[in-house]
Every structure is written in C-alpha cells, then in structure tokens.
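Chain by chain, the residues:
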Amino acid sequence: MSNSDPNHRNRPPSPDTKPLPPSSWAKKTGFRPKFSGETNATDSGQLALPPRPPQPAPANTDLQAARPRPPANGVPPPTDKVPPVVPVPVPPKDQPAKKRRDSDGGTKGSVPSTNGQAPPPATATAAAPVDQPQHARRASRHEEVVDVEDDGFVPRHSHMKYELRDSPGLVPIGVYGIQHYVSILGSLILIPLVIVPAMGGSHEETAMVVSTVLFVSGVTTLLHITFGSRLPLIQGPSFVYLAPALAIINSPEFQGLNGNKFKHIMKELQGAIIIGSAFQALLGYTGLMSLLVRLINPVVVSPTIAAVGLSFFSYGFPIVGTCLEIGAVQILVVVIFSLYLRKISILGHRIFLIYAVPLGLAITWAFAFMLTEAGLYNYKGCDINIPASNMVSQHCRKHFSRMKHCRVDTSHALRSSPWFRFPYPLQWGTPVFHWKMALVMCVVSLIASVDSVGSYHASSLLVASRPPTPGVLSRGIGLEGLTSVLAGLWGTGIGSTTVTENVHTIAVTKMGSRRAVQLGACFLIVLSLIGKVGGFIASIPDVIVAGLLCFMWAMLTALGLSNLRYSEAGSSRNIIIVGLSLFFSLSIPAYFQQYGLSPNSNMSLNYVLNTLFSLHMVIAFLVAFILDNTVPGSKQERGVYVWSEAEVARREPAVTSDYELPLRVGRIFRWVKWVGL
C-alpha cells in the first residue's frame, strides 16, 4: 500500500515479518562500535520486549515506510513518518532464558547473545505496542552481527548442516564423521612425531606410539560423548601437555641414559600423567570445577591458550630451516589452501579449507619424494645410514644434515611395521611414579581443564540448544581426567583432553552431530589396529612435521585469542590484562629456563617451581587469572561465561535431550548435582 495511506502509515510490521536488510554501511558490514572502544552500551541479548499476540500483516504493507529510522545527531525524525521509540525495559536477571530453536517446543525466533544467553521474557506491562518495530529492528541487528564470515565462529544463525542430536542416516554421518577426523588429523598424529624422537625412540617405536594414540583417541572420544559433556568433541593428545612432557624429557637426569632410554622416560611420563589425570578427575567429580569456573572467563582462557601456541616458537622454523626448500613449501601450501582458496567449493564442500593440513601434507610429501628420486640429495660416496661421527670424508659430514632432513627414504618404519597390532595397556612396562613430576602434571591438568571450558562453551553455542550447566561441565572435566588416565596406562606419552581445534572444525564443516563423531571414532579404532598405518605416519620427514606444526601452533594461538569475542575486546582493561599475560608468559619462562634442575636432586621444591615457571601457559594463566578477578569490570566487559541453570534445564526437553546421560544412567546419579542436570 502506498505511504500516503493514513491507515497504515504508522502501523508496525508483524512480529513474524522478516526484518529487512540494513540500510547503512556500518550495519551491512557488521560493524559494532562497542568492540572498537570502551562503551557501556549493551547488545548482549539481555533486553526484550513484552510478548504481544501476533497480528497478521496486511498483504500490501509497505515495510520500508513502517521500519523505524535511527535519529540523526540526536534529533528524532518527524512523527508523521516514523512512530516514536519508547525505551526498552530491562527485565529481572533471574528470569529463565528463552530457547533458541523450535525443536522440542522451543522458540524459533529468539536470538542468542554473543555469550550464549538468550533474551529473557519481559513483563506484560513493560512497554507499549508501539515498541514492536524496535523489536524487529533489534533482531535484525543481532543477525547481522552474529552471522560472521564462513570460517569464523558462527552461532546458530549460520544454518548448521547437522546439529547435536541429528542422525540423517548411516552413510551421511559416516562420511561426515570421517571428514571430521581427517580435518583434525594434524592434532592427532604430530605430537608423537615430536616426543618419541626426543626420548630417543626408533622409527618402529614411533609407529607403535602413533597407533596407540589413534586407538586411545577413538576410545576416549566414545566415552566422552556418551558419558561426559555429550558434545561432539574429539579427545586426543593435547598441545597443553607437550611443553611439560618435553621439560621432563630434557631433564638432566635422563641425558646420560644409554640403552632403553625411550622406555625409561616413557614410564616416567606415564606415572606423572596418571597422577595428574586422577587430580583432574577429582577436580571434576567433586564439583570443585563448577566452583572454579565462576572465576574462569574469556579474558583468562584467551591468553592461556594463546600462550600454548606461542611457547613453541623456538622449535618451529629452526627445524624448517634445515631443509628450507621443503619446509617453506609446506607452510606456503597450507597457507594458500586455508586462506586464498578457502571459499572454493567442490560438490558443496570447501575442500581446501577443511582439508588444508592433510592436503598440504600429501602435496609436500610428494614434492619431497620427487626431489629425492631425482637425486638432488645424493652425494657421491656418502651413505645416510652411516652416522656422521663415523664418516671419514669431510664432504659427507658437510652434507649429512641435508641428507638426513630432506630425504624421504631415511625411515624404515613402514617396512618394519606389522600389518596387525593391538595396543594394550602397560605395553612399555610398569609406570614409575615421582611426586615432583606428578605435581607438575597436576598443575598442567588444571590448564587443560581451562582449555576444555572454552571449548565446551564455544561448541555448545554452535550445536546445542543452550550452553551446558555447571554440573554437565564438571562431569565432562571429570571424565576427561579418567580418559587421560587411560592414556597414561596405554602409554601415549601425552595426556588426553579435548582437542582445541574442534570448535574451528565444527564451524567450518557445519557438522555438529555427535553420532557422526562417534562413528568416526569407531573408524579411528579400526584404523589403529592396522600397524602399517602407524608406520606410514611415522615415515613423515621431520621438516614436514615442523612445517605443519608452525601452522597448527599459529592456529592454536588464534583460537585462544578468539575467545575475546565474548568480552569487550576494545576495553582498555582487557587489552592490558591480555597484553601483560602474553608478554610475561614469554619473558618470565626465559628467566627460569636458565636454571635446570634434576628431579632427583635434593632441591625438590626448587625443581617443581622452576619447571612450572618455565611453562609459558602457566605464567599466562596465573597473570590473567589474578588480574581478571581483582581488577573491577562489569560482566559485559569481562565477557563472563553464561552457563545454563540446572533447574531451568530440567524443565526444558531440548536441553535435557542434549546433555542427559543415556540409558537412564543420570537417574542413578541425580542426587549428585555435580555430574548431571
């Protein structure tokens, strides 16, 4: 109808009417002023309008005329064109939040906040009906801001292909489950390729550890999705445990060992991991984690996880530089796939973005194989199988490093690996327990729990109806501790926890079905029983591993910093806290790493403190934790994590179906509020 019609000039659009696209450049681009500077303006979904019975909009309503326009320079537009806007009331904070989807009786039109809390309903007498256009306009703004670019972390507005409880069929979930594991393959296989050679292990022992890691990852993922947080999160070796493991491996006590050095150090690591993981299980199942999580917020999680990635800067490119023509190509290929070709879709899948790491590995490995077969690294009279110390020719000694790092035929792991091998517990011998190393691992398990808290919250916003309750969170942390005990018994050399890259993989593949991840875990278990698979992975040249790790650690750093999106990223308070945490996480360990102490020395406490303060992530966590909980700041500025309340979750079928334990197991433990809804 024409704008000149006085009967519909000031009539607001219906609540069911889809909001129009934004008219300004700022809103088209998703610009939010509150993230570029300090402001008290809130847009976190805490405000809502009173419910109003839906009214069908006239067939010819002109929505452009009915849509309210923002005042220019504080002067409202003429009242004959736009209805006045009444301030929206702030409802009580203790009111239950609306559901974010229409399944199980939920509300489809409600919009989540940037921290996962849906807007609570307001009272019926809070505002006049004239506020309805403002409600439609607010929903539109939320959708514009929250719907980030394809490879960002996007809440439910991004149209996930499969959500948490979806099961479209055996073939689709099987394909997506395998895709999920292949896309995260680098996080599963690269850590054993670092720690086993550092322990003096052979290529055959590396292959055995790789198979064990794949087996334990499949088993622990099944346990966690079934009896833990119930979110589609892969469990596997964590980079959080890599730095302390290397600190123990490089301890002066083990430098003089000859013969069976690998098994001796592995048993020491097993004992430390078992005790540290038992502490994590105690932290979860006693409910202490649900109390501690009140003090853990994005400003704490962000620098802690970022410091894990930054702590390996001295390892990455120095190893790449040993064979620059291969290592640089590896980094370049992965960067091109993940950035420049990320929007190219093949058969509806963004192949280059999802499989950047495995595709980059395959291409670079083939390139290195061609260089080796072409004779580029063949030197007359030199044999790579002869140690450098036994080489007589100075010419061979000069080129020994290039032959060792650039050739792809120096490993015999694939040839010597059996076709079938079943990983079994205590395969390296009885674990050795030293309380000093165990105490270090207990602190590291706390850092791993902080990492998992961020992963739980971010993944729940993508695939679940609501974030989990503190009881579900404690249950997940407790089960992570138990599964990490299994990793210690089986002898993976590293603790098992939620892989941080899970959230990025879910956001990119838009696959959040837990049944798909469970089926993929079964596939991983079967794959681990084939010994040749472990031998094939163990044959990856060191320089290619280092190139992939450069990308993986950079991604881990970025994923950690991305947690700041839940807080006021432009706040000077948060900027200073994060900056101090990251700087001291690099500077303080550089001081303590000058003093190496043996675990068997008389100064036991000195060894523990020196080792802990030499870990970058521990310093980042301590600085951020103390500052964030002592420096004043509003909840919105700090970005306090919003977890679902247990009483509200029990009344909502969608939340109950998302997090309740299967086979009515939860009813047995319902009296334990820490392990259920």
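Scroll up for the structure.
Everything in this summary refers to the structure shown in the same document. Within each chain, residue numbers correspond to sequence positions counted from 1 in written order. Per-residue local features are limited, in this predicted model, to residues with pLDDT of at least 70; the limit for side-chain atom pairs, both in listing and counting, is 80 or more; totals at the level of whole chains, interfaces and linings are taken over all residues. To obtain the side-chain values, all non-hydrogen atoms of the structure were used and water was disregarded.

With that settled, consider the overall build of the protein chain. Secondary structure assignment for the protein chain yields 29 helices and two strands. Considering only contacts in the protein chain between residues 6 or more positions apart, those separated by 24 or more positions represent 83%. With the model as given, the accessible surface of the protein chain reaches about 29,100 Å², and the carbon-plus-sulfur share is 64%. Counting from the N terminus, the helices are DSSP H or I runs at least four residues long and the strands are E runs at least two residues long. Throughout, a residue-residue contact means that at least one pair of heavy atoms, one from each residue, lies within 4.5 Å. Using a 1.4 Å probe, accessible areas were evaluated by the Shrake-Rupley method; residue-level cover was limited to the displayed protein chains.

As a further point, take unusual backbone geometry. Of note in this structure, R230 is not a glycine but carries a positive phi near 70°. The residue R230 is located in the loop between α6 (203-227) and β1 (235-237) in this model. Of note in this structure, K510 is not a glycine but carries a positive phi near 55°. Secondary-structure assignment places K510 in the loop between α19 (502-509) and α20 (514-528). Exposure classes here rest on a 1.4 Å probe applied to the protein chains alone. A residue is buried below 20% of its type maximum, exposed above 50%, and partly exposed in between. We classify K510 as buried; its relative accessible area is 17%.

Moving on, we come to the pattern of salt bridges. A side-chain nitrogen of Lys or Arg and a carboxyl oxygen of Asp or Glu constitute a salt bridge if their distance falls within 4 Å. The tally for this structure, following the rule as stated, stands at four salt bridges. For R466, the salt bridge identified is with E652, shortest N-O distance 2.7 Å. Taken together, the positions of R466 in the loop between α17 (435-463) and α18 (470-490) and E652 in the loop between α27 (646-651) and α28 (653-659) put the pair 186 residues apart, joining distant regions of the chain. Note that R638 and D628 form a salt bridge whose closest N and O atoms lie 3.2 Å from each other. Of this pair, R638 sits in helix α26 (residues 635-638) while D628 sits in helix α25 (residues 616-630); the two residues are 10 residues apart in sequence, bridging distant segments of the chain. Taken as a pair, R638 and D628 share a single burial class, namely buried. Put simply, R573, D628 and R638 are held in one network by salt bridges that share partners.

Now for the packing of aromatic side chains. To pair, rings of Phe, Tyr and Trp, with the six-membered ring standing in for Trp, must have centres within 6.5 Å; the planes then decide the type, stacked if under 30 degrees apart, edge-to-face if over 60, and tilted in the middle. Under the counting rule described, the total for this entry stands at 14 aromatic pairs. Ring centres of F215 and W490 lie 6.1 Å apart, and the angle between their planes is 35°; on these two criteria the pair is classed as tilted. Here F215 is found in helix α6, whereas its partner W490 is found in helix α18, with 275 residues between them in sequence. Linked through ring pairs, F239, F312, Y315 and W553 together constitute an aromatic cluster. Our definition puts a charge over a ring when NZ of Lys or CZ of Arg is within 6 Å of the ring centre and also within 35 degrees of the ring normal. The positively charged end of K532 is found above the aromatic ring belonging to W419, 5.5 Å away from the centroid.

Where nonpolar side chains cluster on the molecular surface, the patch consists of W419, F420, F422, Y424 and I530 and spans about 610 Å² of accessible area. Classification of F422 as partly exposed rests on a relative accessible area of 44%. Patch definition: residues above 30% relative accessible area lacking any salt bridge, with like charges linked at up to 9 Å and the nonpolar side chains Val, Leu, Ile, Met, Phe, Trp and Tyr linked at up to 5 Å.

Our focus in this paragraph is the nonpolar core. Inside soluble globular proteins, nonpolar side chains tend to come together where they are buried. In this structure, M199, F239, L242, I326 and I540 are the most contacted members of the largest nonpolar core, which totals 121 residues. It is α17 that provides the largest number of residues to this core, a total of 14 residues. Each residue touching M199, except ones within four places of it in the same chain, is listed here: I249, K261, F262, I265, M266 and L269. We call a set of buried residues a nonpolar core when its members are Ala, Val, Leu, Ile, Met, Phe, Trp, Tyr or Cys and they connect through side-chain atoms within 4.5 Å of each other.

Function cannot be inferred from these measures alone, as they are strictly geometric.
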